[in-house]
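Take a look at the letters that make up each chain.
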Amino acid sequence: MKAIGYHAPGPIDRDDALVDLTLDTPQASGFDLLVKVEAISVNPVDVKIRQARAPEEGQPAVIGWDAVGEVVAVGDQASRFAVGDQVWYAGDISRPGTNSEYHLVDERIVGHAPRSITTAQAAALPLTTLTAFEMLFDRLRVLDPVPGAARAVLVIGGAGGVGSITIQLLRALTDLQIIATASRPETQAWVKELGAHHVIDHSQPLPEQVEALGLGAPAFVFSTNYSEHYAPQVAELIPPQGRFGLIDDPETLNITPFKPKAVSIHWELMFTRALFTTDDIARQGEILDKVAGLIDTGRIRSTATDSYGTINADNLKRAHALIESGKAKGKIVLEGF
């Protein structure tokens, strides 16, 4: 089968940063589905892994954690899907990724793909959707009010892949006021289009801008990037007993300023359930099914903003380079081999 991977980690400007490969097609067993991959998207985690994680000795590393495709075989313990089903998922970071023509995935973290959008449009969503949904409803528990706080969520980095779906999930499933940050005219317009009630500039101090909105202190703050930089500002603007969530990887994070307000800190890693085969691992499949329904009823739209053509090394290198530039808006998708 065709695949794209690397033999050594490193910068994207190397000729061999990503290469086209021919690998054996895997076989489904246990809870696994064998999926013929039709479309993928590219996430910041792809870039982080390619930059730093060495492959197993003698084997190329295949990355990628978003896919839409058709089930072509099922393992002996798999029962939720049948051959021919169209599925979408984000996979498991401890296993080979979706940048391959055929891919194995545990059916419990798989959902039925939405029917009302294209496979490429759907491929933009699984990883960011799971990240956003788990943060909002499993970690921050945004449906559980914070006493005395404004019924509002501040989303730092609202125009990125996670921010873009976070805004939509909040609009579709809550009545909370959404404050999103964006610093460029095009990204400010994007988050407004997705449903943010208020937009502020994360290149300027946040507490003053939040206060100027007149809403009060937002009960929840979700930082999607540069959390080390924003944490002191969040500690200032968040109310007592507020909840602060983050998903990035700050080298250091001083949480001491949050203690006087008894602010709770919540990490989200959407791979946790798969990595540890948690008792509630099947929740990811349930979330994806629920969001597919929201898409098919017109309440959620795809966050795909760029299509980079067929799935090959050259196109994936272009996508990785754009994500590394920090100028990506929404999601980059690729389709077909």
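Structural data are supplied above this passage.
About the thresholds
Residues numbered from 1 in each chain as written. Predicted model: local features only at pLDDT ≥ 70, side-chain atom pairs only at ≥ 80, totals over all residues. Heavy atoms only, no water. Pairing = 2+ DSSP bridges. Helix = DSSP H or I, 4+ residues; strand = E, 2+ residues; numbered from the N terminus. Patch = residues over 30% accessible without salt bridge, like charges linked within 9 Å, V, L, I, M, F, W, Y side chains within 5 Å. Areas by Shrake-Rupley, 256 points an atom, 1.4 Å probe, with all protein chains shown as cover. Salt bridge = Lys/Arg side-chain N within 4 Å of Asp/Glu carboxyl O. Buried < 20%, exposed > 50% of the residue type's maximum accessible area, 1.4 Å probe, protein only. Polar contact = N/O pair within 3.5 Å; in protein donor to acceptor, adjacent residues only side chain to side chain. Contact = heavy atoms within 4.5 Å. Expected span 1.5 Å × (residues − 1).

## Things to note about the sheet that holds strand β2 (residues 19-22)
Here comes step 1: Taken in spatial order, the 3 strands make up an open sheet running β2-β1-β4, and their pairing is antiparallel. The open sheet has two edge strands, β2 and β4 (61-62), and neither has a second partner.
Here comes step 2: Pairing analysis gives 2 bridges linking strand β1 (residues 2-6) to β4, with the strands arranged antiparallel. Opposite Gly 5, over in β4, you have Val 62 as the bridge partner.

## Some thoughts on a nonpolar patch on the surface
Here comes step 1: Taken together, the side chains of Leu 269, Leu 275 and Phe 276 make up a nonpolar region of the molecular surface, amounting to roughly 310 Å² of accessible area.
Here comes step 2: Relative to the helices and strands, Leu 269 resides in the loop between β14 (264-267) and α8 (272-275).
Here comes step 3: In this structure Leu 269 comes out as partly exposed when scored by relative accessible area, which is 44%.

## What about the side chain of Thr 131?
Here comes step 1: Mapped onto the elements of the fold, Thr 131 is located in helix α3 (residues 126-139).
Here comes step 2: Here the side chain of Thr 131 touches Leu 127 through a polar contact of 2.8 Å, landing on its backbone oxygen.
Here comes step 3: Residues within four places of Thr 131 in sequence aside, it is in contact with Val 162, Ile 247, Glu 268 and Met 270.

## Thoughts on the environment of Ile 167
Here comes step 1: Summarising the element assignment, Ile 167 is placed in helix α4 (residues 161-173).
Here comes step 2: Distance from Ile 167 to Arg 141, taken between C-alpha atoms, is 15 Å for residues 26 residues apart in sequence.
Here comes step 3: What Ile 167 contacts, discounting residues up to four positions off in sequence, is Gly 158, Ile 178, Ala 180, Val 191, Leu 194, Gly 195 and Ala 196.

## As for the pairing of strand β6 (residues 86-89)
Here comes step 1: Pairing of strand β5 (residues 67-74) with β6, which is carried by 4 bridges, proceeds in the antiparallel orientation. Within β6, the residue paired with Gly 69 across the bridge is Val 87.
Here comes step 2: Bridging between β6 and strand β8 (residues 110-112) involves 3 bridges; their strand directions are antiparallel. Residue pairing across strands places Trp 88 opposite Gly 111, the latter belonging to β8.

## Notes on the pattern of salt bridges
Here comes step 1: With the rule as written, the count across this model stands at 18 salt bridges.
Here comes step 2: Residue Arg 151 is joined to Asp 175 by a salt bridge in which the shortest nitrogen-to-oxygen separation is 2.6 Å. With Arg 151 in strand β9 (residues 150-156) and Asp 175 in the loop between α4 and β10 (177-181), the pair connects residues that are 24 residues apart, well separated along the chain.
Here comes step 3: Residue Asp 280 is joined to Arg 273 by a salt bridge in which the shortest nitrogen-to-oxygen separation is 2.9 Å.
Here comes step 4: Look at the salt bridges and you will find they share partners, linking Glu 134, Asp 138, Arg 139, Glu 268, Arg 273, Asp 280 and Arg 283 into a network.

## Comments concerning helix α9 (residues 283-296)
Here comes step 1: For α9, built from 14 residues, the straight-helix expectation of 20 Å at 1.5 Å per residue is met to within 8% by its first-to-last C-alpha distance of 20 Å.
Here comes step 2: Gln 284, Gly 285, Ile 287, Leu 288, Val 291, Ala 292, Leu 294 and Ile 295 are the residues of α9 that are buried.
Here comes step 3: Those residues of α9 hidden inside the fold are in contact with β6, β8, α3, α4 and α8.
Here comes step 4: Just downstream of α9 lies Gly 298, where phi reads positive at about 80 degrees.

## Comments concerning the environment of Gln 188
Here comes step 1: Examined against the element boundaries, Gln 188 turns out to sit in helix α5 (residues 185-194).
Here comes step 2: Taking the C-alpha atoms as reference points, Gln 188 and Val 199, 11 residues apart in sequence, are found 6.7 Å from one another.
Here comes step 3: Each residue touching Gln 188, except ones within four places of it in the same chain, is listed here: Ala 182, Ser 183 and Val 199.
Here comes step 4: One polar contact links the side chain of Gln 188 to the main-chain carbonyl oxygen of Ala 182, over a distance of 3.2 Å.

Geometry only, nothing functional implied.
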